[in-house]
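Examining the three-dimensional arrangement
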Amino acid sequence: MRLILVLAALPTLAWAAPAADLANLEREAAGLIPAFQQQLMQTVKQAVAEGGPVQAVQACHLLAPTIAAEHSQQPWTVGRTALRLRNPDNQPDAWERQVLEDFLLRQSAGEEPTQMSASAVVDGEFRYMKAIATGEPCLACHGQAIKAEVAAQIKQDYPEDQASGFSLGELRGAFTLRRTLTEATP
């Protein structure tokens with residue numbers, strides 16, 4: 001049985017690395033998240049201060065993709081994904097979906113989303129995800145009691161929105177990072 005599992009995994013293991021190298025990549029990936037997260041939150045807080053939650057929805061719609069692109073420093077690509085999407089451009093791929101579903105199971109077993117992360121080598125890329133818990137500032141646009149004017153702006157900017165109805169502390173999604181691996185990758 002083990003042989004079958006190993007053989008099934010071979011196509012995704014284009015690069016084999018010592019555990020220390022993978023741990024270094026995981027630390028590197030995790031280290032890129034705080035600046036990205038802070039810029040996103042600062043953008044939302046500034047928009048709320050200037051025009052309330054409606055302006056925050058507009059700012060997210062217009063600026064979040066640019067912020068992700070700015071934080072995607074070669075060789076890393078940085079972004080966000082979720083099972084319940086607001087922006088369809090953030091659709092999870094198969095590995096991301098599997099990790100998000102695992103995060104949900106872990107949360108239902110009592111683990112805090114803020115403590116959850118996952119990493120793997122998939123198709124020649126090092127992949128890393130860190131869970132995002134729904135925070136207090138998130139509830140105005142992602143919570144269960146969204147004001148009518150905010151809901152109208154969400155519907156205008158994201159007609160297929162699924163990212164509302166969250167509670168404080170609930171898994172909202174995840175930061176997702178990837179980089180191509182080569183034989184020389186440290």
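Treat the numbers as computed from the prediction; the structure is a model and nothing was measured.

Let us look at the nonpolar core. Within the largest apolar cluster, 18 residues are counted, with the highest numbers of intra-cluster contacts made by Phe36, Trp76, Phe126, Phe175 and Leu177. Counting residues per element, the ones that place at least two in this core are helix H2 (19–71), strand S1 (76–81), strand S3 (125–133) and strand S4 (171–180). Per-element accounting of this core gives the leading share, nine residues, to H2. Residues in contact with Trp76, not counting those within four places in the same chain, are Leu25, Glu28, Ala29, Leu32, Phe126, Leu177, Arg178 and Arg179.

The next subject is the sheet that holds strand S2 (residues 117–122). Read from one edge of the open sheet, four strands run S1-S4-S3-S2, paired in antiparallel fashion. Both outer strands of the open sheet, S1 and S2, are each paired with one neighbouring strand and no more. Along the sheet, successive strands turn relative to each other by an average axial angle of 20 degrees, direction set aside. One ladder, built from nine bridges, connects S3 with S4; its direction is antiparallel.

In this section: the side chain of Thr43. In this structure, Thr43 sits in helix H2. At a separation of 2.8 Å, a polar atom in the side chain of Thr43 contacts the main-chain carbonyl oxygen of Gln39. Residues contacting Thr43, with those up to four places away along its chain left out, are Ala59, Leu63 and Ile67.

So, about the confidence of the model for the protein chain. For the protein chain, the mean per-residue pLDDT works out to 88, and 87% of the residues sit at or above 70. When the elements of the protein chain are averaged for pLDDT, helix H1 (residues 2–9) gives the smallest value, 35, and helix H3 (residues 94–108) the largest, 98.

About the criteria used
Along each chain, residue indices are assigned from 1 in the same order as the chain's sequence is written. At least 70 in pLDDT is required for a residue's local features to be given in this predicted model, at least 80 for side-chain atom pairs to be given and counted, and no such filter applies to totals for whole chains, interfaces and linings, which use all residues. For side-chain calculations, the full set of non-hydrogen atoms in the structure is used, while hydrogens and water are omitted. Grouping buried Ala, Val, Leu, Ile, Met, Phe, Trp, Tyr and Cys residues that are joined through side-chain atoms within 4.5 Å yields what is termed a nonpolar core. In this scheme, a residue with accessible area under 20% of its type's maximum is buried, one over 50% is exposed, and one in between is partly exposed, where area comes from a 1.4 Å probe on protein chains only. The helix count covers DSSP runs of H or I at least four residues long, the strand count covers runs of E at least two residues long, and both are numbered beginning at the N terminus. Whether two residues touch is decided by their heavy atoms; if any such pair falls within 4.5 Å, the residues are in contact. Note on pairing: two strands pair once DSSP finds at least 2 bridges between them. Axis definition: a line fitted to C-alpha atoms, over the contacting stretch in the case of helices. Angles run 0 to 180 degrees between N-to-C directions. Each polar contact in these results corresponds to two N or O atoms within 3.5 Å; when the atoms are within protein, one needs to be able to donate a hydrogen and the other to accept it, and residues that are neighboring in sequence are counted only if both atoms are side-chain atoms. Per-residue confidence from the prediction method is given by pLDDT, with values spanning 0 to 100.

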